[in-house]
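Fold and geometry: a report
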Amino acid sequence: VQDRLDEPSFVMDHPKITCPLAKEHRSDPRLVERFEPVVAGMEVGNAFSELNDPLEQRQRFADQLARHEEFATLDEDYIAALEHGMPPTGGLGLGVDRLAMLFTDTPAIRDVILFPQLRIHAAHSDAGEPEPAADQ
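The sections below set out a description of the structure shown in this document. All values derive from a computational prediction rather than experimental measurement. (Residues numbered from 1 in each chain as written. Predicted model: local features only at pLDDT ≥ 70, side-chain atom pairs only at ≥ 80, totals over all residues. Heavy atoms only, no water.)

1. Concerning the overall build of the protein
Counting its regular elements, the protein contains four helices and five strands. Listing the helices and strands of the protein from first to last along the sequence gives β-β-β-β-α-α-β-α-α. Put simply, the protein has 136 residues, and 25% of those count as buried. In the protein, the proportion of contacts linking residues at least 24 apart, taken out of those at least 6 apart, comes to 51%. For the protein, the exposed surface amounts to about 9400 Å²; the carbon and sulfur share of it is 58%. (Helix = DSSP H or I, 4+ residues; strand = E, 2+ residues; numbered from the N terminus. Buried < 20%, exposed > 50% of the residue type's maximum accessible area, 1.4 Å probe, protein only. Contact = heavy atoms within 4.5 Å. Areas by Shrake-Rupley, 256 points an atom, 1.4 Å probe, with all protein chains shown as cover.)

Now the structure itself:
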């Protein structure tokens with residue numbers, strides 16, 4: 001839906017299967033407490049309430065492994081840390097590079113990144129040109 005959102009919006013309550021570290025929604029067990037701020041059809045951040053139940057976290061990791069998801073792992077250290085106790089918590093990450101794209105009306109993220117070496121690499125790769133030597 002993001003590309004159809006013209007005005008600043010929040011996309012909320014994502015499917016549980018897509019967010020293994022997010023806390024289950026309070027009124028719908030198929031969802032998690034997660035939102036993404038979207039501006040001009042572009043996600044500029046990600047936020048969710050952290051899952052702090054070690055038993056449920058173990059089950060979600062196991063479900064990912066059973067579905068053969070690409071980066072699935074059973075992180076025993078993380079589960080052990082949860083077993084020691086984690087208070088209710090959450091977080092929000094905003095993409096400064098994406099905000100810079102919005103403020104400068106730049107269509108490609110590589111044009112606003114802070115590391116020019118990566119920008120040169122991406123520009124040469126896209127144009128089909130040979131990449132510059134590593135020492136350039």
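2. A look at the side chain of H14
Locating H14 in the fold gives a position in the loop between β1 (9-12) and β2 (34-39). Discounting chain neighbours no more than four positions away, the residues touching H14 are C19, R30, L31, V32, R34, F35 and E36.

3. Re the environment of L99
You can see L99 is positioned in helix α3 (residues 96-104). Between the C-alpha atoms of L99 and E43, which are 56 residues apart in sequence, the distance is 9.6 Å.

4. Points about the packing of aromatic side chains
The tally for this structure, following the rule as stated, stands at two aromatic pairs. Their ring planes at 80 degrees and their centres at 5.3 Å tell us that F10 and F35 sit as a pair that is edge-to-face. Highlighted residues: F10 in strand β1 and F35 in strand β2, separated in sequence by 25 residues. Look at F10 and you get exposed, because its relative accessible area is 55%. (Phe/Tyr/Trp six-rings, centres within 6.5 Å; stacked < 30°, edge-to-face > 60°.)

5. Structural notes on the pattern of salt bridges
Enumeration over the complete set of coordinates arrives at seven salt bridges. Among the ionic pairs, R30 bridges to D28, the shortest N-O distance being 2.7 Å. Its relative accessible area of 62% is what places R30 among the exposed residues. Since its relative accessible area comes to 15%, D28 is described here as buried. With a shortest N-O distance of 2.5 Å, R34 and E36 are connected by a salt bridge. When its relative accessible area of 15% is taken as the criterion, R34 is described as buried. A relative accessible area of 5% means that E36 is categorised as buried. (Salt bridge = Lys/Arg side-chain N within 4 Å of Asp/Glu carboxyl O.)

6. A few points about the packing of helix α1 (residues 54-66) against helix α2 (residues 76-83)
As a packed pair, α1 and α2 sit with axes 9 Å apart at the nearest point and diverge in direction by 165 degrees. In this view, α1 runs roughly antiparallel relative to α2, as classed from their interaxial angle. Classified by chirality, the crossing of α2 by α1 is right-handed. Taking contact as the criterion, the partners of P54, Q57, R58 and F61 in α1 are, on α2, E76, Y78, I79, L82 and E83. Broken down by class, the residue content of the contact of α1 with α2 amounts to five nonpolar, one polar and three charged. (Axes fitted to C-alpha atoms, helices over the stretch in contact; angles between N-to-C directions. Parallel < 35°, antiparallel > 145°, perpendicular 65-115°, else oblique. Left-handed = near helix turned anticlockwise from the far one by under 90°. Nonpolar A, V, L, I, M, F, W, Y, C, P; charged D, E, K, R; others polar.)

7. So, the environment of V38
With respect to the secondary-structure elements, V38 resides in strand β2. A relative accessible area of 1% places V38 in the buried class. C-alpha of V38 to C-alpha of Q2: the two residues are 36 residues apart in sequence and 6.8 Å apart in space. Setting aside its immediate chain neighbours within four residues, V38 contacts Q2, L5, E7, P8, S9, V11 and E43.

Distances and angles like these do not, on their own, reveal function.
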